[in-house]
Amino acid sequence: MEGIQSMLMGSYAAAAGCLFTYQSQMTNGSTMSGTALISDEQLHPRRSNYHGLYNFFDPSGYFHISNLLASGDSRLIADARRLLDTVARAQQPSGELPHHFQDAQPVFTAISGATLPATNLFWIKAALRYVAETGDMAWLRQRLEIIARAAQFLVRMLPADHSEPRLLKTSGALMIDVFRRGNFTTDANALAVDVFTELSRMFLYLSNSQAAGLYADTAFNISSALNERLWRHDHFATQLNPDGSERDFVDYDSNLLATAFVPMGSERLHATLRRVDNGSCTHA
């Protein structure tokens, strides 16, 4: 019994307490009509810092869905699926997914006004996480076209001009819109290596060897370009610009994403981790 209480406490004190799926009406009086929403904070009837903002995938939505799936609670797992579908239904013809929702309406830019690559990357990652945790292959097959469009939206961020690095060219940071980054960034491209690798495995499982090969090659090309163009002695630079200039904050999130997902030699891996571990903010 104590084990069950501990497990459920981890969900209800986190993602489950942020769900807005048990209300009959939105804050503006309109009905939800099947829309599943989750806030970035614990819901409270008399206070909210988010004021009707929900379903952020930068990357809160991914963390929320992972938490709901880990609960073992069938209702919460169903809510995770509903959250994925709420975002998917708002997909643009281009494949772009909404960054967040204002009440029940999708919004495609971050609060800062930037278009972030995070939504498509983290939604795909969350969708594949849902299938891996539940074995719900019927859901996967029914959503396959949505997943493919979301992936192709990311592929189109790769420059058509092969004189430029084979890296996603973005207009904003991967995580948290107040981070000012753009162009060829380590953070978005490091996660893209992981997402494209997982997509390759998915298509291989579905016996689509052509798509599997495409995404495997894309992941390989991005990881190679990161190692060739953004490595700086003992870390990966924050961003590279088309004119060859760069910005470099030696940011921990980008570099830890790179160590997690970008193939590299042990010397480079250890150098990156030493740089992060010796940073001024690591042991504050």
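For the structure itself, look to the data block above.
All values derive from a computational prediction rather than experimental measurement.

**Quick word on the overall build of the protein chain**
Argument step 1. In terms of helices and strands, the protein chain carries 10 helices and seven strands.
Argument step 2. Relative to a compact globule of 284 residues, whose C-alpha radius of gyration would be 19 Å, the protein chain shows 19 Å and is just as compact.
Argument step 3. Taking all 284 residues of the protein chain together, 51% fall into the buried category.
Argument step 4. Long-range pairs, those at least 24 residues apart, make up 62% of the contacts in the protein chain between residues at least 6 apart in sequence.
Argument step 5. In the form shown here, the protein chain has an accessible surface area of approximately 13,500 Å², with 53% of it arising from carbon and sulfur atoms.
Argument step 6. Positive and negative charge centroids in the protein chain, built from 23 and 28 side chains respectively, lie 3 Å apart.

**Things to note about helix α7 (residues 186–205)**
Argument step 1. For α7, built from 20 residues, the straight-helix expectation of 28 Å at 1.5 Å per residue is met to within 8% by its first-to-last C-alpha distance of 29 Å.
Argument step 2. Burial analysis of α7 places 15 of its 20 residues in the buried class, which makes it a mostly covered element.
Argument step 3. Once α7 ends, the next one or two residues include Ser-207, with phi positive near 65 degrees.

**Considering the sheet that holds strand β1 (residues 53–54)**
Argument step 1. Pairing is antiparallel in the open sheet, where three strands are placed in the order β1-β2-β3. A strand with exactly one partner marks an edge of an open sheet, and here the two such strands are β1 and β3 (105–107).
Argument step 2. Across three bridges, the pairing between strand β2 (residues 100–102) and β3 is antiparallel. Directly across from His-100, in β3, lies its bridge partner Val-107.

**Comments concerning the pattern of salt bridges**
Argument step 1. A full pass over the atoms with the stated rule returns 12 salt bridges.
Argument step 2. We note a salt bridge from Asp-194 to Lys-125, for which the minimum N-O separation is 2.5 Å. With Asp-194 in helix α7 and Lys-125 in helix α4 (residues 118–134), this pair connects stretches of sequence that are 69 residues apart.
Argument step 3. The residue Glu-145 makes a salt bridge to Arg-149 at a minimum N-O spacing of 2.9 Å.

**Digging into the environment of Ala-80**
Argument step 1. Among the structural elements, Ala-80 can be located in helix α3 (residues 74–89).
Argument step 2. Note on Ala-80: relative accessible area 0%, which makes it buried.
Argument step 3. With 77 residues separating them along the chain, Ala-80 and Gly-3 place their C-alpha atoms 22 Å apart.
Argument step 4. Those residues in contact with Ala-80 that lie beyond four places of it in its chain are Ile-65, Leu-68 and Leu-69.

**Remarks on the side chain of His-64**
Argument step 1. Among the secondary structure elements, His-64 is positioned in helix α2 (residues 60–70).
Argument step 2. For His-64, a relative accessible area of 12% corresponds to the buried category.
Argument step 3. His-64 has contacts with Ala-15, Cys-18, Ile-38, Ser-39 and Asp-40, leaving out every residue within four places of it along the chain.

Rules and cut-offs
- Residues numbered from 1 in each chain as written.
- Predicted model: local features only at pLDDT ≥ 70, side-chain atom pairs only at ≥ 80, totals over all residues.
- Heavy atoms only, no water.
- Helix = DSSP H or I, 4+ residues; strand = E, 2+ residues; numbered from the N terminus.
- Rg over C-alpha atoms; globule rule 2.2 N^0.38 Å.
- Buried < 20%, exposed > 50% of the residue type's maximum accessible area, 1.4 Å probe, protein only.
- Contact = heavy atoms within 4.5 Å.
- Areas by Shrake-Rupley, 256 points an atom, 1.4 Å probe, with all protein chains shown as cover.
- Lys, Arg positive; Asp, Glu negative; His and termini not counted.
- Charge placed at Lys NZ, Arg CZ, Asp CG, Glu CD.
- Expected span 1.5 Å × (residues − 1).
- Pairing = 2+ DSSP bridges.
- Salt bridge = Lys/Arg side-chain N within 4 Å of Asp/Glu carboxyl O.

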